[in-house]
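Each chain, letter by letter, is given below.
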Amino acid sequence: MLSEKGIKLEVIKIRFQPTDYQFTLKAMDFEALLLFYEKPGDYRNTIEPPALMSLIRAASWLGFDSDRVWLVKELEALWPYDLEELCANPEPRLDAPEVAALARMCEIDTLLKPAFYDMARTPGFGLENLEESEQIDHADMLRLVRMREYLSEIWVQAAAREDTTLVCRHFRAAPSSDGDGNSSPFEYADEKPALGSTASASVASKCLSATARREAWVRLVYDSGIFTQYRYDPLCGLAALINLEWTDEWCRDCKDKRRAGWCKMQKSIWEKIDEYLKED
């Protein structure tokens, strides 16, 4: 009857047997897909993450491959795989467990790493609000536990105390109470102090004693709350150490060496996480 009135109908063929994905399609996911096709203009600018995940489940199960590719790219943009972007958003996302379950369910490997990292750094892995049909399986729970243990150990290794292998051999005495400190005459040959700032340049080129540095480390890392805050989040914790305003207990060269070392450690941790996500 509609065709007789000049209204064009588009027939969508649906395969009611699931593809290679072993999960049951929920009514809410199918409904989301119907709404998507009914009013595609409503989804032109932004698709909220819950709707996006429903659409991916439906498109995957029904075999709508071209739509699935586009939808997955939209979700990947919200969960960047890039280390720099992850560190720019230090708060873990509350929907990480749902994204991790979706990634396993629909075989989207690019989402596993950022979602599992967010779970590992969240108290209780963020599983409180996860629906029964989206539960993380036993094997992945073991992976999460092992990953969290590794993240905690590597953070303690990095932040519990300064790396003694990077300690500068050229020290200056801590200033005495009357302001007369004994200073080492050593200065780096390539240091060019600004005019009128000889004293500050000399301070910047030499480290204080181990005791003074240890006290400063406690003040800057422990008393500030950094050590506790990033207990399971060494990537953002190292970013906090890199961006910290380190005081004059360390020379400029040692500060730069530590920051470079922490950047290298971040990359190593991010690569190591891949090993915890491999299927046994």
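Residues numbered from 1 in each chain as written. Predicted model: local features only at pLDDT ≥ 70, side-chain atom pairs only at ≥ 80, totals over all residues. Heavy atoms only, no water.

**Digging into the overall build of the protein**
When helices and strands are counted, the protein shows 12 helices and zero strands. Each of the 280 residues in the protein was classed as buried or not, and the buried ones make up 42%. Residue pairs in contact within the protein that sit at least 24 positions apart in sequence constitute 74% of those at least 6 positions apart. Total accessible area on the protein stands at roughly 16,800 Å², and carbon and sulfur atoms take up 53% of it. (Helix = DSSP H or I, 4+ residues; strand = E, 2+ residues; numbered from the N terminus. Buried < 20%, exposed > 50% of the residue type's maximum accessible area, 1.4 Å probe, protein only. Contact = heavy atoms within 4.5 Å. Areas by Shrake-Rupley, 256 points an atom, 1.4 Å probe, with all protein chains shown as cover.)

**Structural notes on the nonpolar core**
The biggest cluster of nonpolar side chains holds 78 residues, and the ones touching the most others in it are Ile 56, Leu 241 and Trp 246. Leaving out residues up to four positions away in the same chain, Leu 241 has contacts with Trp 155, Ala 159, Val 221, Ile 226, Trp 246 and Trp 262. (Core = buried A, V, L, I, M, F, W, Y, C linked by side-chain atoms within 4.5 Å.)

**Things to note about the packing of helix α5 (residues 96-105) against helix α6 (residues 109-120)**
Taken N-terminus to C-terminus, the directions of α5 and α6 make an angle of 145°; their axes are 8 Å apart at the nearest point. By crossing handedness, the relation of α5 to α6 is classed as left-handed. On α6, the residues that touch Ala 96, Pro 97, Val 99, Ala 100, Ala 103 and Arg 104 of α5 are Leu 111, Leu 112, Ala 115, Phe 116, Asp 118 and Met 119. (Axes fitted to C-alpha atoms, helices over the stretch in contact; angles between N-to-C directions. Left-handed = near helix turned anticlockwise from the far one by under 90°.)

**Here we look at the packing of aromatic side chains**
For the structure on display, the rule yields 14 aromatic pairs. A ring pair is formed by Phe 36 and Trp 70, whose centres lie 6.0 Å apart and whose planes are at 25°; its orientation type is stacked. A residue pair is termed long-range when its members are at least 10 positions apart, and Phe 36 in helix α1 (residues 27-38) and Trp 70 in helix α3 (residues 65-78) qualify at 34 residues. Arranged with centres 6.2 Å apart and planes meeting at 70°, the rings of Trp 155 and Tyr 230 form a pair that is edge-to-face. (Phe/Tyr/Trp six-rings, centres within 6.5 Å; stacked < 30°, edge-to-face > 60°.)

**A short note on the packing of α6 against helix α7 (residues 138-159)**
Direction vectors running N to C along α6 and α7 enclose 70°, while the axes themselves pass 9 Å from each other. Considering their axes alone, α6 and α7 lie roughly perpendicular with respect to each other. Between α6 and α7 the crossing geometry is right-handed. Facing α6, whose interface residues are Phe 116, Tyr 117, Met 119 and Ala 120, α7 presents Asp 140, Leu 144, Met 147, Arg 148 and Leu 151. (Parallel < 35°, antiparallel > 145°, perpendicular 65-115°, else oblique.)

**Let's talk about helix α11 (residues 234-243)**
Think of an α-helix as turning once every 3.6 residues; residues three or four places apart then point the same way. Across the 10 residues of α11, nine count as buried, placing the element largely inside the fold. The complete set of buried residues in α11 reads Pro 234, Leu 235, Cys 236, Gly 237, Leu 238, Ala 239, Ala 240, Leu 241 and Ile 242. The elements touched by buried residues of α11 are α4 (83-88), α6, α7, α9 (210-222), α10 (226-229) and α12 (252-277).

**Focus: empty space enclosed by the protein**
By the definition in use, this model includes two cavities of 30 Å³ or more. Roughly 110 Å³ of volume is contained in the largest cavity. Lining of the largest cavity is provided by Leu 78, Trp 79, Pro 80, Leu 86, Asn 89, Glu 91, Arg 93, Pro 114, Asp 118 and Arg 121. Residue composition of the lining of the largest cavity, grouped by class: five nonpolar, one polar and four charged. The space that makes up the second largest cavity amounts to roughly 30 Å³. Looking at the second largest cavity, the residues that line it are Trp 246, Trp 250, Cys 254, Lys 255 and Arg 258. Broken down by class, the residue content of the lining of the second largest cavity amounts to three nonpolar, no polar and two charged. (1 Å grid on protein atoms, 1.4 Å probe; cavity = no way out; pocket = protein on both sides within 12 Å on 5 of 7 lines; lining within 4 Å. Points joined across faces, edges and corners; volume = space filled by probe spheres on them. Nonpolar A, V, L, I, M, F, W, Y, C, P; charged D, E, K, R; others polar.)

**Looking at the confidence of the model for the protein**
For the protein, per-residue confidence averages 81 on the pLDDT scale, and 78% of positions sit at 70 or higher. Every residue in residues 1-5 is under pLDDT 50, and counting partners more than four places away or in other chains gives two contacts. Ignoring residues within four places in sequence, the model shows residues 176-202, a span with pLDDT below 50, making 25 contacts including any to other chains. (pLDDT = per-residue confidence, 0-100.)

**Some details on the layout of surface pockets**
Considering only enclosed or pocket space, the largest pocket measures out at about 300 Å³ in volume. In this structure, the largest pocket is lined by 23 residues; those nearest its centre are Leu 94, Asp 95, Glu 98, Asn 129 and Leu 130. Broken down by secondary-structure element, the contributors of at least two residues to the lining of the largest pocket are α2 (49-62), α5 and α6. The greatest single-element share of the lining of the largest pocket, amounting to four residues, is contributed by α2. When grouped by side-chain class, the residues that make up the lining of the largest pocket number 10 nonpolar, four polar and nine charged.

**Some words on the side chain of Asp 233**
With respect to the helices and strands, the residue Asp 233 is situated in the loop between α10 and α11. One polar contact links Asp 233 to Arg 121, side chain to side chain, over a distance of 2.8 Å. Within the structure, Asp 233 has its side chain in polar contact with the backbone nitrogen of Cys 236 (distance 3.4 Å). Apart from the residues lying within four places of it in its own chain, the contact partners of Asp 233 are Pro 90, Tyr 117 and Arg 121. (Polar contact = N/O pair within 3.5 Å; in protein donor to acceptor, adjacent residues only side chain to side chain.)

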